[in-house]
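Coordinates in review
Here is how the chains run, residue by residue.
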Amino acid sequence: MSMTNEHDALAGPAMLDGDARDYFALLKPRVMSLVVFTAFVGMLLAPGEIHPLLGFIAVLCIAVGAGASGALNMWYDADIDVLMGRTAKRPVPAGKVSAENTLAFGLFLSVFSVVVLGLTVNWLSAGLLAFTIFFYAVIYTMWLKRSTPHNIVIGGAAGAFPPIIGWACVTNSISIESIVLFSIIFLWTPAHFWALALFKCADYGRAGVPMLPNVSGERATKHQIVLYAVLTAISGVVPSLMGFAGVVYGVVAAVLGAAFIWYSVKTWQMLDGDEKMIPAKKLFGYSLVYLFGIFTALAVDGLVAKFFGVVA
């Protein structure tokens, strides 16, 4: 049976087409909001100006492209989503939207977002958006996720591209500064998702997804979490060291990074086989706070620089 037929079989003959809320859920709105925010910060920090209307269109296209990636991910992963408690209520495995409609929806939004961004802003940013969608939907979802325990390390690049896209929307170029913003998210992703994988290990095991805790065990995963937390904390202060963010930002980033390392060490100290996994859950929660805090501090720093002509 082909993958498409497997997904359609999951839907069942009485599958409904879903309502607006179901289609919105296909876009992974929580992930989309983070993508939009980091892309906006990339636009804000980029040298030069962009017309407010074009800036709005750019952010909208990036949001739609991120949503398209989420829909394509849900289409392909319907067979494993139904096996995991965290994802079983998504629209496709829950029988609210058919796999066929999800695929069509994701493809339409992908083309729409890329073409509109290219025609209105520039084709470099549109090409980067197209590559990001392809990387997440094909390289990560269809290949890496089911084939290697390092899936999230390589696949994390997809979630790290938005600041580069935002930067390119303003400058029509890629710079070392935008790559630094990329690296913060790229290095943050493994510790964030492996913390989740520790307390959702059974779910991934049932679905046959080779996450690091399932393949290499808890202890090896904890070592890797601490390593990536340290690398993330270092990358977080680089904008200040390079001079495209100020000293105040650097202090904030250092404090946030130190807390990230502290939570990762607490997770490393957690006993193997701990059923409650409280430290891992706290690390997962804090990792979201960290990334939001870092990019909020960058946004404030960028706003101060643009409106007052000084770097905080």
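Values in this document were obtained by computation on a predicted structure and should not be read as measured data. (Residues numbered from 1 in each chain as written. Predicted model: local features only at pLDDT ≥ 70, side-chain atom pairs only at ≥ 80, totals over all residues. Heavy atoms only, no water.)

A word on the overall build of the protein
To keep things clear, this is the line we draw: Put simply, DSSP marks the helices as runs of H or I at least four residues long and the strands as runs of E at least two long, and each gets a number from the N terminus on. As defined in this context, the radius of gyration uses C-alpha atoms, and a globule is described by 2.2 Å times the residue total to the power 0.38. To sort residues, take the accessible area from a 1.4 Å probe on protein chains only and compare it with the maximum for the residue type: under 20% means buried, over 50% means exposed, and anything in between is partly exposed. Any two residues whose heavy atoms approach within 4.5 Å are treated as being in contact. Per-residue and other accessible areas were derived by the Shrake-Rupley procedure at a 1.4 Å probe size, with only the shown protein chains allowed to occlude residues. Charge counting treats Lys and Arg as positive and Asp and Glu as negative, with His and both chain ends excluded. Here the site of a charge means NZ on Lys, CZ on Arg, CG on Asp, or CD on Glu.
A tally of helices and strands in the protein yields 16 helices and zero strands. For the protein, whose C-alpha radius of gyration is 20 Å, the value lies close to the compact-globule estimate of 20 Å for 312 residues. A principal-axis box enclosing the C-alpha atoms of the protein has dimensions of 60 × 50 × 30 Å. In the protein, which comprises 312 residues, the proportion classed as buried is 51%. Considering only residue pairs separated by 6 or more positions, the protein has 76% of its internal contacts joining residues 24 or more positions apart. Accessible surface computed for the protein: about 13600 Å², of which carbon and sulfur atoms make up 71%. Across the protein, the mean location of the 18 positive side-chain charges is 9 Å away from that of the 17 negative side-chain charges.

Some points on the packing of aromatic side chains
Condition: Aromatic rings from Phe, Tyr and Trp, taking only the six-membered ring of Trp, are treated as a pair when their centres fall within 6.5 Å; an angle between ring planes under 30 degrees marks them as stacked, one over 60 as edge-to-face, and anything in between as tilted.
Going through the model one piece at a time under the given rule, you end up with 15 aromatic pairs. Plain terms: the ring middles of Tyr136 and Tyr140 are 5.6 Å apart, the flat faces sit at 25° to each other, and that makes the pair stacked. Of the two residues, Tyr136 and Tyr140 are both situated in helix 7 (residues 123–147); the distance of four residues between them amounts to about one turn of the helix. Taking the relative accessible area as the measure of exposure, Tyr140 reaches 9% and is therefore buried. Between Phe260 and Tyr290 the ring centres are 5.0 Å apart and the planes differ by 25°, which places this aromatic pair in the stacked class. Of this pair, Phe260 sits in helix 15 (residues 247–269) while Tyr290 is found in helix 16 (residues 278–308), placing the two residues 30 residues apart along the sequence. Tyr290 carries the same exposure label as Phe260, and that label is buried. A connected cluster of aromatic rings, assembled from ring pairs, spans Phe131, Phe135, Phe161, Phe182 and Phe186.

Topic: the pattern of salt bridges
Convention followed: By convention in these notes, a salt bridge is any Lys or Arg side-chain nitrogen within 4 Å of a carboxyl oxygen on Asp or Glu.
In total, this model carries nine salt bridges according to the counting rule given. Note that Arg21 is salt-bridged to Asp19, the shortest N-O span being 3.2 Å. Classification of Arg21 as exposed rests on a relative accessible area of 66%. Given the relative accessible area of 31%, Asp19 is considered partly exposed. Between Arg146 and Asp79 there is a salt bridge; the shortest N-O distance is 2.9 Å. Linking Arg146 in helix 7 with Asp79 in helix 5 (residues 78–81), this pair joins segments that are 67 residues apart in sequence. Residues joined in a network through salt bridges with shared partners are Asp77, Asp79, Lys145 and Arg146.

Remarks on the packing of helix 14 (residues 218–242) against helix 15
Put simply, the rule reads: Axis definition: a line fitted to C-alpha atoms, over the contacting stretch in the case of helices. Angles run 0 to 180 degrees between N-to-C directions. Small angles under 35 degrees read as roughly parallel and large ones over 145 as roughly antiparallel, with 65 to 115 read as roughly perpendicular and the rest as oblique.
As a packed pair, helix 14 and helix 15 sit with axes 8 Å apart at the nearest point and diverge in direction by 175°. Taken together, the axes of helix 14 and helix 15 lie roughly antiparallel to each other.

Things to note about the environment of Phe186
Its location among the elements puts Phe186 in helix 11 (residues 176–199). Taking the C-alpha atoms as reference points, Phe186 and Ile152, 34 residues apart in sequence, are found 9.5 Å from one another. Sequence-distant contacts of Phe186, that is, excluding residues within four places in its chain, are made with Val153, Ile154, Gly156, Ala157 and Ala160.

Things to note about a nonpolar patch on the surface
What counts here: Here the term patch refers to residues with relative accessible area over 30% and no salt bridge, with like charges joined within 9 Å and nonpolar side chains (Val, Leu, Ile, Met, Phe, Trp, Tyr) within 5 Å.
Together, Val111, Val115, Leu119 and Trp123 make up a nonpolar patch on the protein surface, roughly 430 Å² of accessible area in all. The greatest single-element share of the nonpolar patch, amounting to three residues, is contributed by helix 6 (residues 99–120).

Things to note about unusual backbone geometry
The phi torsion at Lys28 lies on the positive side, around 50°, for a residue other than glycine. Backbone geometry places Met277, a non-glycine residue, at a positive phi of 50°.

Here we look at the environment of Leu181
Along the chain, the position of Leu181 falls in helix 11. Taking the C-alpha atoms as reference points, Leu181 and Leu288, 107 residues apart in sequence, are found 16 Å from one another. Other than its neighbours up to four places away in sequence, Leu181 contacts Gly42, Leu45, Pro163, Trp167, Phe244, Phe295 and Leu298.

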